[in-house]
Amino acid sequence: MPFASYPSYVTLYTYSLAIRSLRRLVSANRNLSSLSTAATDMENNSSCTLVLCGKSSSEKEVAKSLKNNNSVKLPDISEVSMLLQAEMDDKESKEQSFNVELFMSSLSTGRFGRLLIWSPRLPSTQDVVSRNFGELPIGTVCVADVQYKGRGRSKNVWESPVGCLLFSFTVQMEDGRTVPMLQYVVSLAVTEAIKDVCDRNGLPYLDVRIKWPNDLYLNGFKVGGILCTSAYRSKKFDVSAGIGLNVDNGKPTTCLNDKLRELSAAACQLRREDILAAFFNKFENFYDLFINQGFQTLEGLYYKTWLHSGQRVIVQENNDDQVVENVVTVQGLTSSGYLLAIAEDNQLCELHPDGNSFDFFKGLIRRKLQ
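It should be emphasised that the depicted structure is a prediction, and the values quoted were computed from it without experimental measurement. (Residues numbered from 1 in each chain as written. Predicted model: local features only at pLDDT ≥ 70, side-chain atom pairs only at ≥ 80, totals over all residues. Heavy atoms only, no water.)

### Observations concerning the sheet that holds strand E14 (residues 348-352)
Applicable threshold: Between any two strands, pairing holds if DSSP finds at least two bridges. A run of H or I in DSSP becomes a helix once it reaches four residues, and a run of E becomes a strand once it reaches two; helices and strands are each numbered from the N terminus. A fitted line through C-alpha atoms represents every axis, and for helices the fit uses only the stretch in contact; the resulting angles, taken between N-to-C directions, go from 0 to 180 degrees.
Taken together, the five strands give an open sheet; going across it, the order is E11-E12-E13-E14-E15, and neighbouring strands pair in antiparallel fashion. Only two strands of the sheet have a single neighbouring strand rather than two, namely strand E11 (312-319) and strand E15 (365-368). Adjacent strand axes in the sheet meet at a mean angle of 45 degrees when their direction is disregarded. Judged from the eight bridges that link them, E11 and strand E12 (residues 322-333) form a sheet pairing that is antiparallel.

### Considering the pairing of E14
Where strand E13 (residues 339-343) lies against E14, four bridges are found, and the strand directions are antiparallel. Bridged to Ala341 within E14 is Cys349. The hairpin turn running from E13 into E14, its antiparallel successor, is four residues long, and Asn346 in that turn takes a positive phi close to 70 degrees. When E14 meets E15, the two strands line up antiparallel, connected through four bridges. Of the residues in E15, the one forming a bridge with Glu350 is Arg367.

### Notes on helix H3 (residues 57-68)
Owing to its 3.6 residues per turn, the α-helix aligns residues three or four sequence positions apart on the same side. Test applied: A helix is expected to span 1.5 Å multiplied by its residue count minus one. Categorising residues by exposure relies on relative accessible area from a 1.4 Å probe, with only protein chains included: less than 20% of the type maximum marks a residue as buried, more than 50% marks it as exposed, and the intermediate range marks it as partly exposed. Within this analysis, the arc is defined by the directions that extend from the helix axis to the C-beta atoms. Between two residues, a contact is recorded if the distance between any of their heavy atoms is within 4.5 Å.
Between its first and last C-alpha, H3 extends 16 Å over twelve residues, near the 16 Å set by a 1.5 Å rise per residue. Along H3, the residues that are buried comprise Glu59, Ala63 and Leu66. On an axial view of H3, the arc spanned by its buried residues comes to 60 degrees, and they lie on one face. Exposed and facing more than 90 degrees away from the buried side of H3 are Ser57 and Asn68. On its buried side, H3 packs onto strand E1 (47-54), strand E2 (79-84) and strand E3 (115-122). Positive backbone phi, at 50 degrees, marks Asn70, one or two positions downstream of H3.

### Looking at the packing of helix H7 (residues 182-200) against helix H10 (residues 296-305)
What counts, and what does not: Small angles under 35 degrees read as roughly parallel and large ones over 145 as roughly antiparallel, with 65 to 115 read as roughly perpendicular and the rest as oblique. Helix crossings are classified by the rotation of the near helix relative to the far one: an anticlockwise turn of less than a right angle makes the crossing left-handed, while a clockwise turn makes it right-handed. Polar here means any residue outside two lists: the nonpolar Ala, Val, Leu, Ile, Met, Phe, Trp, Tyr, Cys and Pro, and the charged Asp, Glu, Lys and Arg; Gly therefore counts as polar.
Look at H7 against H10: their axes get within 10 Å of each other, and the N-to-C directions meet at 65 degrees. Taken as axis vectors, H7 and H10 run roughly perpendicular relative to one another. The handedness of the crossing between H7 and H10 is left-handed. On the side of H7, the interface is formed by Tyr184, Val185, Leu188, Thr191, Glu192 and Lys195, while H10 contributes Leu298, Leu301, Tyr302 and Thr305. Grouping the constituent residues of the contact of H7 with H10 by class yields six nonpolar, two polar and two charged.

Next up, the structure:
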């Protein structure tokens, strides 16, 4: 099993830091009267608009059926207005901030991303796909410009302003043992998509890394995160994968385009549509490898992208009413998706989060492996 070698002193920023940063972001935005008014309107508004778009005639027919049957429902939203992209006039299309034609022209998948639901503002893209899973074709993606009740780990709620790529999509899986690994496939597809877009457009390389289990970091700052939720129905796992990536909002820390501007004097920036299309092009390929050959086919690339190979972690354990600290070194992932580590006595162990700490690397629980 190949592992990338990275220094053990790599700094791991905690979830509490991420939360404080997001709170400062919300606070800073609320100081701007226009954004504050918009946020208030979103909280109080009981309606939203969804624009349905398809890549081929087949997906366009599905979009038309969804609209005609008023099939898409949202919790806490009494009125959902649905429009077809084809029905919008030139003025409405130009005012639409997400360029659907640009996205679709760059998409080369056979399943994922071909039916797109876009909204200027939503409580959560995850709610759209998870609450309507049975009505939507597998691979459907929902994109929002602004999200004001985004979902995170441990039921945390996030506010995501303009400038972020916010999307959720559907996957259906049969083997429950592989479901926990899907978030790693998604994380890897995001980082590879960013590299691909930069390379194709002659842009400087952005070294976006994966912080286990589901965060994305650039130069020590969190720029994205992944949330996968699942429900077991009819002997299959309905998985909703949600991604948030800070493309163009530099407050209060950094974003991808801020780093590009630091690296190049030329006027260059990433576009959400390009990243989203590149993501699905990568993900579909990675997903097929993952399902047909297992995650081990992606492990080498994953370990080159994450932050943790060779990292030394302190595990606190109770021993006769005393807290004993043991140092273990991260080696990779176990088959169940937890951290594989080796203790100083060469005993292999599996590290689990305790479920209470914001930082997965604080409060780890060790289970010895035979």
